[in-house]
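# Residue-level structure breakdown
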Amino acid sequence: MEGKTKRLTIIIVSVMALIFLLVLIFGLSGKREENNSAENKTETTTEANVQDILSTGEAEVLEPAEKDTLTLSFIGDCIIGSESGKINDGNFSYMAANSPHTYFFEKVVSELSKDDFTIANMECVITDRDLEKIGKDYDPAFWYKTPTSNTDILTLGSVEVASIVNNHIGDYGDEGYDDTVVALKSHGLQVGENLKPLYIEKNGIKIGLLCCNLWSSYNVSYIEEALETMQNECEYKIVFFHGGEEGIHEPDNYKIDACRYLANSGLCDLIVGSHPHVLQPMEVVNDVPILYSLGNFCYSAANYPDNQTVIFRVELKKEENKVKAETELVPCYVYTGYMNNYQPMIMPEGEDKDRTLALMNSKVEYRVETTASTAEPTTVAQPTEVPSATLPQEDDYAEDDFYTDEEVFQGVQVPY
């Protein structure tokens, strides 16, 4: 009896062990299928994210918002060379040959990099050839040029567009002109030539830039004719002109009349001027901002140029198929040493900045005309009084240093 009971116990234990083993086997198999199903579901979801994410709504895709503004910066006269291309100790050409080319714009490049396009008046010939100077029937006269290796001074400074409509681009004739265009374009800059509309498009906004001369009212009809050809080609038309008497902070009467006429014509949306080598104020006529002169910027033609300039910032935004503009003035020094070190710098808060903004926002008024010619003057008028402490002393410079008659102190002086 006892043996029978023992055999029965063994059978029961064996059966239970078999049942447990079967349960374990089926349980693992089910788990594997569940895992496979989950993996398949994950793969399907991933595929859906790639192919059908917008239609299925199973996940959210955040795409970067499209930029709907176009920002421009205008800067004044840039001469990135020297008279006749000479290299004298301490002059621009010497500095360019012995310094990193980032030096010249290093104190303003962060500001200029904020825009989409920086537009400069580039006022010297770029050539590596020994070209003959053109004749000039006035005295003193100057011829400015620079080697092609200096062109990257502009691009390293975040300049994208160069106007070559000025009274020095022809200093070395047609060959010098052509060399300049080739040098600028080969460095990736867009070039503004006289009365040839330059179209620029970005972020859904297309502008037209008309670079031109404005030496007298005679030029107005040609500007007007060119603007008429631009009306259906772009959404925002800009006149960037060169002309006027040098060294005077008030615009010429003819220039006031011409700019106001163009503003009231409805043919342009913005007018910016260069050439006087000093700032002249701005005004708004018929919703068209007019800045009569930007002054100098990176400028080598004087040891003591007027030491205040601006970056003229224009932000364009399209609203209801119409481009609207907001403007801003960023006051700058032209140089930052005892004398011109060819390195403009943003003005900090203070009296100099306030004085510069006050000048730019002063009322534009007609002035009593002088006998000075506006037909391409070449020198800055000598001030009636120059503080003796600001003038170079006899032993400050070497005998062979080259200085033009334009080298007179006229503005804010910044110490080292």
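To keep things clear, this report deals only with the structure shown in the data block.

Basis of the calculations
- Residues numbered from 1 in each chain as written.
- Predicted model: local features only at pLDDT ≥ 70, side-chain atom pairs only at ≥ 80, totals over all residues.
- Heavy atoms only, no water.
- Helix = DSSP H or I, 4+ residues; strand = E, 2+ residues; numbered from the N terminus.
- Buried < 20%, exposed > 50% of the residue type's maximum accessible area, 1.4 Å probe, protein only.
- Contact = heavy atoms within 4.5 Å.
- Pairing = 2+ DSSP bridges.

### A word on the environment of N203
Residue placement: N203 occurs in the loop between β8 (198-202) and β9 (205-213). Residue classification places N203 among the partly exposed residues on the basis of a relative accessible area of 24%. With 135 residues separating them along the chain, N203 and D68 place their C-alpha atoms 5.6 Å apart. Excluding residues that lie within four positions of it along the chain, N203 makes contacts with K67, D68, T69 and D116.

### Quick word on the sheet that holds strand β4 (residues 125-126)
If you trace the three strands from one edge of the open sheet to the other, you get β2-β5-β4, paired in mixed fashion. Either end of the sheet is taken by a strand with one partner, and the two such strands are β2 (82-83) and β4. By the bridge criterion, two bridges tie β2 to strand β5 (residues 144-146) in an arrangement that is antiparallel. Bridging from a neighbouring strand, E83 pairs with Y144 of β5.

### What to know about the pairing of strand β13 (residues 288-294)
With seven of seven residues buried, β13 lies mostly within the body of the structure. Summarising the sheet, strand β11 (residues 270-274) and β13 pair through two bridges and their orientation is parallel. Of the residues in β13, the one forming a bridge with I271 is I290. Sheet analysis places strand β12 (residues 279-285) next to β13, joined by six bridges and oriented antiparallel. Considered in β13, the bridge of E283 is made with I290. Between β12 and β13, which pair antiparallel in sequence order, lie two residues; one of them, N286, sits at a positive phi of approximately 55°.

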